[in-house]
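What follows is each chain in one-letter form.
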Amino acid sequence: MTMKHLVPKTFLIAACLSVGLTAKAEDGSAAWLRYAPIANAKQYETLPAVIVSRGESASERAAAEELRRGLTSMLGRPFTVAKNGRGAAILLTADAHLPSESYRIARNIHGLHIDGSSPAAELYGVFHFLELIASQRPIRDEKTQSPSATIRWTDEWDNLNGTIERGYAGRSIFFDNGHVRADLTRAGEYARLLASVGINGCNVNNVNADLDTLSPEHLREFARIADVFRPWGVKLALSIDLTSPQTIGGLDTFDPVDPKVIAWWQSKAAEIYKLIPDFAGFTVKADSEGRKGPSQYGRTPADAANVLARALKPHGGVVLYRGFVYNNHLDWNDRKADRARAGVDNFVKNDGTFDPNVIIQIKEGPIDFQAREPVSPLFAALHKTNVAIEVQTAQEYTGQQRHMVFLPSMWKWVLDTDLRAPGADGKPRATPVKSIVTGHAFPNADGSARMGGFISVTNVGLDANWLHHPMAMANLYGFGRLAWNPDTPVDEIANTWSTMTWGSDAAVRATVPKMLLGSWQVYEGHTGPNGIGTLTNILGYHFGPGIESAERNGWGQWFRGEKDGIGMDRTSAGTGYIQQYPPELAAKYESLATIPDDLLLFFHHVPYDYRLHSGKTLVQSIYDTHYASALAAAEYVPQWKSLQGRIDPERYTQTLHLFEFQAGHAIVWRDAINQWFAKQSGIPDAMHRVGNDPGRMEAEAVKADGFTPVDVTPWETASGGKAMVCHDAKGCTLTTTVQQPSGKYNVAVQYYDMWSGISRYELLVDGKRVAQWSADDTLPPAQFDAAPDGQTATRFTAQGIALHPGATMTLHAMPDMRSELEHVMPAAEANSQLRPRDYREFAPVDYIVIGPDGDLTPQ
Ligand code: GCV
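All values derive from a computational prediction rather than experimental measurement. (Residues numbered from 1 in each chain as written. Predicted model: local features only at pLDDT ≥ 70, side-chain atom pairs only at ≥ 80, totals over all residues. Heavy atoms only, no water.)

J.: Even after reading the chapter, I still don't get the overall build of the chain, so can you show me in this structure?
T.: Looking only at helices and strands, the chain has 21 helices and 26 strands in total. Computed over C-alpha atoms, the radius of gyration of the chain comes to 28 Å, within 12% of the 29 Å expected from 2.2 N^0.38 for 859 residues, which places it in the range of a compact globule. Residues classed as buried in the chain amount to 61% of the 859 residues present. Taking the contacts inside the chain whose residues are at least 6 apart along the sequence as the reference set, 74% of them involve residues at least 24 apart. When the accessible surface of the chain is split by element, carbon and sulfur atoms take 55% of a total near 31,900 Å². Looking at the chain, you have 81 positive and 96 negative side-chain charges, and the mean spots of the two groups are 5 Å apart. (Helix = DSSP H or I, 4+ residues; strand = E, 2+ residues; numbered from the N terminus. Rg over C-alpha atoms; globule rule 2.2 N^0.38 Å. Buried < 20%, exposed > 50% of the residue type's maximum accessible area, 1.4 Å probe, protein only. Contact = heavy atoms within 4.5 Å. Areas by Shrake-Rupley, 256 points an atom, 1.4 Å probe, with all protein chains shown as cover. Lys, Arg positive; Asp, Glu negative; His and termini not counted. Charge placed at Lys NZ, Arg CZ, Asp CG, Glu CD.)

J.: Would you explain unusual backbone geometry in this entry?
T.: Peptide bonds are mostly trans, and most non-glycine residues show a negative phi. Of the consecutive residues Thr 713 and Pro 714, the connecting peptide bond is found in the cis state with omega at -5 degrees. A positive phi angle, near 55 degrees, is found at Asn 177, a position not held by glycine. Mapped onto the elements of the fold, Asn 177 is located in the loop between strand E7 (175–176) and strand E8 (179–180). The exposed category is assigned to Asn 177, whose relative accessible area is 54%.

J.: Teacher, can you tell me more about the site of the ligand here?
T.: Not every one of the 14 residues close to the ligand is listed here, only the nearest: Glu 165, Lys 285, Arg 322, Lys 363 and Glu 396. Residue Lys 285 places a side-chain N or O atom 2.6 Å away from an oxygen atom belonging to the ligand. The separation between an oxygen atom of the ligand and a polar side-chain atom of Arg 322 is 2.7 Å. Protein contacts shield 96% of the accessible area of the ligand, which totals 340 Å² for the unbound molecule. (Near = heavy atom within 4 Å. Polar contact = N/O pair within 3.5 Å; in protein donor to acceptor, adjacent residues only side chain to side chain.)

J.: What exactly am I supposed to notice about helix H14 (residues 473–484) here?
T.: Structurally, the α-helix is built with 3.6 residues per turn, so residues lying three or four positions apart point the same way. Its twelve residues give H14 an end-to-end C-alpha distance of 17 Å, which sits within 8% of 16 Å, the value for a rise of 1.5 Å per residue. Extensive coverage of H14 is indicated by the burial of twelve of its twelve residues. Among the residues making up H14, those that are buried are Met 473, Ala 474, Asn 475, Leu 476, Tyr 477, Gly 478, Phe 479, Gly 480, Arg 481, Leu 482, Ala 483 and Trp 484. (Expected span 1.5 Å × (residues − 1).)

Interpretation in functional terms is not warranted from these geometric data alone.
In structure tokens form, the structure reads like this:
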């Protein structure tokens, strides 16, 4: 008798009903605004069913409609919107006495008031109220809520051709084929999401701006985006190229102090504001990574920023001038050269010369969104200049939305880092980054807070769920929450986001936030240990391991892994970078006695057997951390599986596949880094794990038919440095004889899945097929030709395969031999400047591993 026959029928009906209620198919597009029915709606039964809003503006109408929609859906009873009302009601009102962008929620005998200082603030109040209901919190009078800073923007690196630089979730929601899309529905929905977490600006085009961004034709099109943003209180901003007066204006110069250039910017600003009266402003990337800038004329960043600022000022606009100015042709042989120094070196001399509507937009760390870097010293170096922090929700260096990495944990660490900048008396005082970017640490001369803020490079795409990995949306949500209030605890962000996104089932609530909250450290643990920066392929697309790509070139992301030791010496004896921090913090970083283990290699060059504060040697700590973190990543799979049936199947399955991918890729990272350190240091793993992988059979070592060996570059991204590839259109096989005792095993195949081509694989035991799969892109879109390496390495695991000693196990692989012409070129490429690629994929295989629990254990 099966279990099913033992279960009472009534129980089955109830179970089906409850699953049916909570688990309907979803595509993730609703993000955290799902408004799922809540379990205990009764607690809100006294909430009046009439929403009274007298406001006429589009934002006030949007606020009232949002409230109606959310409450009706969550509480399961009808709510209506009225212009006037008798009796108890929820009243949405404008209250000009409240501070700018602020709202207040209060109850009185007439019902409930949500008051906002502006229509957008009413929206913020409504979204906050809906969040309280979604998380089933009590409704109380709340004190006035105000944002921490004026600038709360996302930057999207979208190109007019519809591609997105460092975008990992499909093509642009704004642009296609050189124009603004005809259908801007998604852009409007995005603005609604942004408003729900208090974001008030969105820069829609790449900071590497198309040169004709400011042409009259494009400006008219951008105005349509501003129109769909407007009801949600989100203002449009644009990235511009400083050469515009020359490239599209036809002038013979773009020298910012030239009167013709000044006049050009003034007239361009007037043209923009005619079309977009609430235009937010410009973002500028100049003198950086090939973008031209004021240095061409011997002018300063302030000269350039101010000419724009003065053109925008009469209309109320601002200039976000990026602090990301550095030389990417540094001399690797110069031990004093240091990219990290660039921010302070380039900007501190201009402190106090920027206009009041200029804000310097500073990346959180001195390099470039690495898994961990110290905070940028530029935050503490500008005392008379507005500054904002730039973080990256797009996970360029942190797993590209194929790994779960909850970035609010990192951002909170950054925002809470106390730079200990001296006060007027010269003594160190509390100056955490959050106090600087909110304008309080270095106020204006009259004591008022400087303009400051928060920018997130977000890069949402046309994928239904915006960022591809459902868990990545926690980062966008968390960014908004921290920008509104940088004191928001990260566990509160994780809990609320999880409940709104995945529902209030107790097991889900107990599991998801826990997974999120440890995930940054897990990722850091198997990718970039001890402050080394990045070990990803910096010359490619920044995803998988490619350790030495950071060395011996002009990009300056060096970690100087040498025979005697590893790490950048940034002490006074080295590049002197540490001295850019205020003295108290500089002293802490300068001394080996006080430098934290997790930043050691960013600041110091130490031997591989250097003893950390943890008591372990550096190299042993690296080995251990990589095994522990890969194991932690692997555990996401069973943790997530424990939630099956408690989450709608569509999002459950998509997320499961991503966790399975992450588990495999964490092993790629672990082995690449550990093998590299073992070779480089010559110090073996005290626990004999590195290079000793029980159950692993190298593809090049088993019986091969048709396959031929290839060297993989870099060597550490293949087990043994080699893989097998199949150039035979009929297919190739690898055959091995099982040695393991009889039992059920997970069998994992480590292979390479290029963006181009779809190879097919089959696993057979004693001639019977036990699994089959296609190599059809779990990976983020490649921006360069793909090859077998750390970006494309992935694995498939066949679970619970019955094996016995002497059984014949065969891997049969069919390469994709179609030529470029036979493939339909993806639109992304047809529109881009990318090189034509080789579409063939020769079914590359690295190794096969048989284990009692396959890829879920450290091998
Ligand atoms: C938009 C890094 C990225 C670039 C990006 C640049 C920037 O270098 O890899 O894609 O360019 O940062 O922030 O300007």
